[in-house]
Amino acid sequence: MQALEKAPIRHDWTEEEVRELFQMPFMDLMFKAQTVHRQYHKPNQVQVSTLCSIKTGACPEDCKYCPQSARYNTDLETERLMKVKAVLKEAAEAKAKGATRFCMGAAWKSPRAKDMPYVLEMIRGVKEMGMEACMTLGTLESGQAQELADAGLDYYNHNLDTSPEFYGNIITTRTYQDRLDTLSNVREAGMKVCCGGIMGMGENERDRIGLLMTLANMADHPESVPMNMLVKVEGTPLENVDDLEPFDFIRTIAIARIMMPASAVRLSAGRTNMNEQMQAMCFMAGANSIFYGEKLLTTENPEADADMMLFRKLSINSEQNEDVSDEAHEQAILHNIQAEQDSKLFTDAAAS
Ligand code: SF4
């Protein structure tokens, strides 16, 4: 049988072509996405990252989905910039649980000069542990991007969220162009780009097409493409937006995989609202990266042990199993889950 030719990496997608993908019969689309996926990635492997909110809430921006914006009345407790030592302790725990990348997020418009030395120290500490480091700190000038890159930061996350046309309905405090400028500063500094969007904010198919075209027609595709399903948080302007049809989300993941064959497509916020079968379909569609742990910044993330159970049911092995045996990895996770439960029991007992 003649081998299938590898799908090319393209940067010239037209609206018509992407619309055709959106209109393809679902099964045909899934087959196409899985075929492309297998040409570029190990089919049963999912990369695992852990996310830590190093500064929470009181953000001056007005992203209408975000409980961290100071403009909305949510139950979120704000926290100042964490101490470097505390962040590195969490990083070490994440590593013990099997994470290969540690992502640190701060709810800032842009990092302030006085915070930079601490942020740089966090990056160096995570790198010394042998993990990849990723940060999301808001808008970056080129000098700031260079400082982060020089400290060893591997990835910078800055999402476009949606299409250029729909963007103004979601954020008014910074422009789409501001975001593109930050992404180009990150690239020029030599870091990898983590950039994706959120589905279910009331956008239509055309907006999903617009987002994917903006990402896939960049000179270099983002190495990591987080696909979020809106988590509706009480107190935010999007708390009552209509539910997203789950198949529309899976379809968008499949099309992201087809348009950006070599990128990691990350199943991000919203996993807590997906059952195991839906998550499995997202992996089938080409998602090959997840956040692992108890929290995804300020919204819930499925419990770590539930992730492990799902991986086991699907025979998915996370990347770190290449150098750690499955059994050792599993033992490390179980040990940590037990330790967390023990410490909760201890605190509950102490409080009673
Ligand atoms: S998404 Fe980021 S920039 Fe927007 S309000 Fe939330 S923390 Fe601020």
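Right above here is the structure, for reference.
These lines cover the structure that appears in this document, whether it is placed above or below. (Residues numbered from 1 in each chain as written. Predicted model: local features only at pLDDT ≥ 70, side-chain atom pairs only at ≥ 80, totals over all residues.)

### Description of helix 9 (residues 246–259)
Part 1 of the reasoning: Taking 1.5 Å as the rise per residue, helix 9 with 14 residues should run 20 Å; its terminal C-alpha atoms sit 20 Å apart, in good agreement.
Part 2 of the reasoning: The buried fraction of helix 9 is high, at 11 of 14 residues.
Part 3 of the reasoning: Those residues of helix 9 that fall on the buried side of the exposure criterion are Phe249, Ile250, Arg251, Thr252, Ile253, Ala254, Ile255, Ala256, Arg257, Ile258 and Met259. (Helix = DSSP H or I, 4+ residues; strand = E, 2+ residues; numbered from the N terminus. Expected span 1.5 Å × (residues − 1). Buried ≥ 20, exposed ≤ 12 C-beta atoms within 10 Å, placed from the backbone.)

### A closer look at the site of the ligand
Part 1 of the reasoning: Around the ligand, the surrounding shell consists of Cys59, Glu61, Cys63, Cys66, Gln68, Ser69, Ala107 and Gly138.
Part 2 of the reasoning: Partitioned by chemical class, the residues of the shell around the ligand number 4 nonpolar, 3 polar and 1 charged. (Near = placed C-beta within 6 Å. Nonpolar A, V, L, I, M, F, W, Y, C, P; charged D, E, K, R; others polar.)

### What to know about the environment of glutamate 132
Part 1 of the reasoning: As for its position among the elements, glutamate 132 is in strand 3 (residues 132–136).
Part 2 of the reasoning: Looking at glutamate 132, the number of C-beta atoms within 10 Å reads 18, which means it is partly exposed.
Part 3 of the reasoning: Considering only alpha carbons, one finds glutamate 132 and alanine 99, 33 residues apart in sequence, at a separation of 9.3 Å.
Part 4 of the reasoning: With residues up to four places along the chain from it excluded, the contact list for glutamate 132 reads Thr100, Arg101, Asp154 and Tyr155. (Contact = placed C-beta atoms within 7 Å.)

### A word on the pairing of strand 8 (residues 264–267)
Part 1 of the reasoning: Both faces of strand 8 are covered, namely the face carrying Ala264 and Arg266 and the face carrying Val265 and Leu267.
Part 2 of the reasoning: Handedness of the crossover joining strand 7 (residues 224–229) and strand 8 through helix 9: right-handed.
Part 3 of the reasoning: Sheet topology note: the strand 8/strand 9 (residues 289–291) ladder contains 2 bridges and is parallel. In the sheet register, leucine 267 faces strand 9, and the bridge partner there is isoleucine 290.
Part 4 of the reasoning: Chirality of the crossover, the property in question, places the unit of strand 8, helix 10 (residues 276–285) and strand 9 among those that are right-handed. (Right-handed = clockwise from strand over helix to strand, strands pointing away. Pairing = 2+ DSSP bridges.)

### Some thoughts on the packing of helix 1 (residues 15–23) against helix 8 (residues 205–216)
A pair of packed helices can be characterised by two numbers: the angle between their axes and the separation between those axes.
Part 1 of the reasoning: It is at 10 Å that the axes of helix 1 and helix 8 come closest, and there the two elements cross at 120 degrees. For the element pair helix 1 / helix 8, the angle class is oblique. In this structure, the crossing between helix 1 and helix 8 has a hand that is right-handed. Touching Glu15, Val18, Arg19 and Phe22 of helix 1 are Glu205, Ile209, Leu212 and Met213, all from helix 8. (Axes fitted to C-alpha atoms, helices over the stretch in contact; angles between N-to-C directions. Parallel < 35°, antiparallel > 145°, perpendicular 65-115°, else oblique. Left-handed = near helix turned anticlockwise from the far one by under 90°.)

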